[in-house]
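What the coordinates show
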Amino acid sequence: MTNEKLAAQHYLKTNILGAYETVDIIWQSDSEGTSHRTFADSFVYTDETSHTIERDMVVEDRVFRVHSVFPVKSASTPTKKMLSVIENDLDKALKNA
């Protein structure tokens, strides 16, 4: 099968057009001994307030450093935050009705 056919099949299955390189998943331990799944091309560190993952992303020959920061202790969950946003939107819609 040709590369064009493989690329077309990949696009039809995933709706992702273009090539990307994958790297091996590795496990890194933080200072407290907790293991975190990450990638071979990323840097992971944890302090008392957050867990940070840094990775380079290349877009059209430009390199961007991506930082993902996750709080160690969260007062809420992403689901609770999303429900709060939805409830606020519903409240606004009812007031404007």
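The structure contained in this document is the topic of the report that follows.

Reading the values: rules and limits
Note that residues are indexed from 1 along each chain, following the sequence as it is written. Owing to the predicted nature of the model, reporting of local features is limited to residues with pLDDT of at least 70; listing and counting of side-chain atom pairs is limited to 80 or more, with chain, interface and lining totals taken over all residues. Computation of side-chain values covers all heavy atoms of the structure but excludes hydrogens and water. The helix count covers DSSP runs of H or I at least four residues long, the strand count covers runs of E at least two residues long, and both are numbered beginning at the N terminus. When a residue's accessible area, from a 1.4 Å probe over protein chains only, is under 20% of the maximum for its type it is buried; when over 50% it is exposed; and in between it is partly exposed. Here a residue-residue contact requires only that any non-hydrogen atoms of the pair lie within 4.5 Å. Exposure was quantified through the Shrake-Rupley algorithm and a 1.4 Å probe, taking into account, for residues, occlusion by the shown protein chains and nothing else. Strand pairing is assigned whenever DSSP identifies at least 2 bridges connecting the two strands. Only the stretch in contact is used when fitting a helix axis, every axis being a line fitted to C-alpha atoms; angles between N-to-C directions are given from 0 to 180 degrees. Nonpolar side chains (Val, Leu, Ile, Met, Phe, Trp, Tyr) within 5 Å and like charges within 9 Å form the patches, drawn only from residues with over 30% relative accessible area and no salt bridge. What counts as a salt bridge is simple: a side-chain nitrogen of Lys or Arg found within 4 Å of a carboxyl oxygen of Asp or Glu. For the purposes of these results, a polar contact is taken to be a pair of N or O atoms within 3.5 Å, where, inside protein, one atom must be able to donate a hydrogen and its partner to accept one; residues adjacent in sequence count only when each atom of the pair is a side-chain atom.

**Describing the overall build of the protein chain**
- The helix and strand inventory of the protein chain stands at 2 helices and 5 strands.
- Of all 97 residues assigned to the protein chain, the portion counted as buried reaches 9%.
- Within the protein chain, counting contacts between residues at least 6 apart in sequence, those at least 24 apart form 5% of the total.
- Summing over all exposed atoms, the protein chain offers an accessible surface of approximately 8,800 Å²; the carbon and sulfur share of this is 56%.

**Side note on the sheet that holds strand β5 (residues 62-71)**
- Across the sheet, which stays open at both edges, the 3 strands sit in the order β3-β4-β5 with antiparallel pairing between neighbours. If you trace the sheet from one side to the other, it starts and ends with β3 (42-46) and β5, each paired once. Direction aside, the axes of adjacent strands within the sheet are offset by 20° on average.

**Here we look at a nonpolar patch on the surface**
- Together, Met82, Leu83, Val85, Ile86 and Leu90 make up an exposed nonpolar region whose accessible area comes to about 460 Å².
- Structurally, methionine 82 is set in helix α2 (residues 78-96).

**Concerning the pattern of salt bridges**
- Tallied over the entire structure, the rule returns 2 salt bridges.
- A salt bridge links glutamate 54 to arginine 65; the nearest nitrogen and oxygen atoms lie 3.6 Å apart. Pair noted here: glutamate 54 is in strand β4 (residues 50-59) and arginine 65 is in strand β5, with a separation of 11 residues, a long-range link.
- Taking relative accessible area as the criterion, arginine 65 reaches 45% and is therefore assigned partly exposed.
- Close ionic contact of arginine 65 with aspartate 56 constitutes a salt bridge, the shortest N to O distance being 3.2 Å.

**A closer look at the pairing of β3**
- Two strands pair when backbone bridges link them, and β3 and β4 are joined in this way by 5 bridges, in the antiparallel orientation. Bridge pairing in β4 links threonine 46 to histidine 51.
- The turn linking β3 back onto β4 is made up of 3 residues.

**Brief notes about the side chain of glutamate 54**
- When its relative accessible area of 13% is taken as the criterion, glutamate 54 is described as buried.
- Here histidine 67 takes part through its side chain, which lies 3.2 Å from a polar atom of the side chain of glutamate 54.

**Focus on the environment of serine 29**
- In this fold, serine 29 is placed in strand β1 (residues 25-29).
- C-alpha of serine 29 to C-alpha of valine 44: the two residues are 15 residues apart in sequence and 8.8 Å apart in space.
- Once residues within four sequence positions are removed from consideration, serine 29 is found in contact with Thr34 and Ser35.

**A few points about unusual backbone geometry**
- The backbone of glutamate 60 sits at a positive phi, close to 50°, despite the residue not being glycine.
- Position of glutamate 60 among the secondary structure elements: in the loop between β4 and β5.
- For glutamate 60, a relative accessible area of 76% translates into the label exposed.

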